[in-house]
Amino acid sequence: MPWEDRPEGCKNVMWRYSGNPIIGRDALSTSNSIFNSAVVPYGDGYAGVFRCDDTNRRMRLHVGFSKDGVNWDIEEEDIKLVGGDEEVGKWVYGYDPRVTWIEDRFYVTWCNGYHGPTIGCAWTDDFKTFHQLENAFLPFNRNGVMFPRKINGNFAMVSRPSDNGHTPFGDIFYSESPDMKFWGRHRHVMSPAAFEVSAWQCLKIGAGPIPIETSEGWLMIYHGVLQSANGYVYSFGSALLDLEEPWKVIARSGPYLIAPREIYELAGDVPNVTFPCAALHDPATRRIAVYYGCADTVTSIAFGYIDEIVEFTKKTSIV
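Summarised in this report is the structure supplied together with it. (Residues numbered from 1 in each chain as written. Predicted model: local features only at pLDDT ≥ 70, side-chain atom pairs only at ≥ 80, totals over all residues. Heavy atoms only, no water.)

1. A word on the pairing of strand β14 (residues 184–190)
The cut-off we apply is this: Between any two strands, pairing holds if DSSP finds at least two bridges. The numbering of helices and of strands both runs from the N terminus, where a helix is a DSSP run of H or I of at least 4 residues and a strand a run of E of at least 2.
For strand β13 (residues 172–177) and β14, the ladder comprises four bridges, and the chain directions are antiparallel. Counted as the bridge partner of Phe 173 is His 188 from β14. Counted between consecutive antiparallel strands, the loop separating β13 from β14 contains six residues, among which Met 180 sits at a positive phi close to 65 degrees.

So, in structure tokens, the structure goes:
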């Protein structure tokens, strides 16, 4: 997996790759921006589903492959879904995908246009054919992130009910499904923090990469938003959720892990955004590489150690 050692003198829990951004906005002949995308191990390398907004400013999903997780070959043609019910199968828009392997196939979720944003679902076993399933929820919803194994015998997902605009609110909720068609057992996970407690996450929050199972609980990297005098600021932090009842929060970081600081995070189509959507991790070395969108324009990586992030989350917890 991609890796770069912590820079000398750096005391941060996570640190940026020196080669950021790893994917520029014009990696495709028609792309305006490539960001907020999902990657997973696949074959002898990696595969990904990438958000590629084109120069019509249409939001599309494209497949990409990489040998090292840094240098990506993203296909020019966007994904064509098959098998979906005609009512939900007509493409309107799609963005901010996540991908995870569960049992015998990869499941993809994304923000899907159907009378407003909701959570689209599909599966693939070869990153060539994507079989569309039913939308998970009614509009309006974003940030649908599945757990990498069944919980209580059911598929499990966290999401963030929203509105049809830029959503000046947002809590994280948990849901289960026996069949990827009907979703229920909805449970509240957590709300934005109070401004005076943790301002970077005081307006709205949403899950990021697929949660990672640890002995301390599910490690969930999530984004939070501050409404500043200069508009929204997107940062990301971490939480630990109970392994069998993930709506129960064990710990939640008060400080952020990464916030907009570098020029590629501060300047772009939407300034001041660091938005995590995927993570690769190595159980042997406990390393983690988080892929995050920068300023809604390009894609970067931040590194860390799972155990250090877990300890940081517990030590700085606001719950």
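2. Considerations on the layout of surface pockets
Left-over empty space is what a probe sized like a water molecule reveals as it rolls over the atoms. Our working rule: Buriedness for pockets is judged along seven lines, at least five of which must meet protein on both sides within 12 Å for an open set on the 1 Å grid over protein atoms alone, while cavities are sets there where a 1.4 Å probe fits but cannot get out, and lining residues have an atom within 4 Å of a point. Grid points are joined across faces, edges and corners, and a volume is the space filled by probe spheres set on the points. Following the grouping adopted for this structure description, the nonpolar residues are Ala, Val, Leu, Ile, Met, Phe, Trp, Tyr, Cys and Pro, the charged ones are Asp, Glu, Lys and Arg, and the polar ones are all others, Gly among them.
For the largest pocket, the calculated volume is near 710 Å³. What lines the largest pocket is a set of 29 residues, among which Arg 51, His 166, Tyr 234, Val 270 and Asp 296 lie closest to the centre. Counting only elements with at least two residues in the lining of the largest pocket, the list comes to β2 (31–42), β3 (45–54), β7 (94–102), β11 (141–146) and β18 (231–241). A breakdown of the residues in the lining of the largest pocket according to their chemical character gives 10 nonpolar, 10 polar and nine charged. A volume near 350 Å³ is recorded for the second largest pocket. Taken together, 22 residues make up the lining of the second largest pocket; nearest its centre are Val 40, Pro 41, Ala 279, Leu 280 and His 281. Those elements that provide at least two residues to the lining of the second largest pocket are β2, β7, β16 (212–214) and β20 (274–282). Considering each element in turn, the lining of the second largest pocket owes the most residues, six residues, to β20. The class makeup of the residues in the lining of the second largest pocket is 18 nonpolar, two polar and two charged.

3. Observations regarding the environment of Ala 122
The following threshold applies: Accessibility here uses a 1.4 Å probe with only protein chains present; expressed as a share of the type maximum, an area under 20% marks a residue as buried, one over 50% as exposed, and anything in between as partly exposed. We call two residues contacting when some pair of their heavy atoms lies within 4.5 Å.
Tracing the chain through its elements places Ala 122 in strand β9 (residues 117–124). Relative accessible area serves as the criterion here: at 1%, Ala 122 is assigned to the buried category. Put simply, Ala 122 and Tyr 107 are 15 residues apart on the chain and 5.8 Å apart in space, counted from C-alpha to C-alpha. Excluding residues that lie within four positions of it along the chain, Ala 122 makes contacts with Leu 81, Phe 106, Tyr 107, Val 108, Trp 110, His 131, Gln 132 and Leu 133.

4. A few points about the pairing of β20
A large share of β20 lies buried, amounting to seven of its nine residues. Strand direction decides the pairing type here: β20 and strand β21 (residues 287–294), joined by eight bridges, are antiparallel. Paired with Phe 275 across the strands is Gly 293, a residue of β21. Between β20 and β21, which pair antiparallel in sequence order, lie four residues; one of them, Arg 286, sits at a positive phi of approximately 65 degrees.

5. A short note on the environment of Ala 295
For Ala 295, the location among the structural elements is in the loop between β21 and β22 (298–305). Judged by relative accessible area, Ala 295 falls into the buried class, the value being 0%. A C-alpha to C-alpha distance of 18 Å links Ala 295 and Leu 28, two positions 267 residues apart in sequence. Not counting the four nearest positions on each side in its chain, Ala 295 is found in contact with Tyr 264, Glu 265, Ala 267, Gly 268, Asp 269, Val 270, Pro 271 and Val 273.

6. Some thoughts on the nonpolar core
To be explicit about the condition: Here, the term nonpolar core denotes a set of buried Ala, Val, Leu, Ile, Met, Phe, Trp, Tyr and Cys residues that are joined through side-chain atoms within 4.5 Å.
Ranked by size, the top nonpolar core spans 22 residues in total, and within it Met 14, Leu 219, Phe 236, Leu 257, Ile 288 and Ile 309 carry the most contacts. Residue assignment for this core shows that the elements contributing at least two residues are β17 (217–228), β18, β21, β22 and α3 (306–315).

Read these as geometric descriptors, not functional statements.
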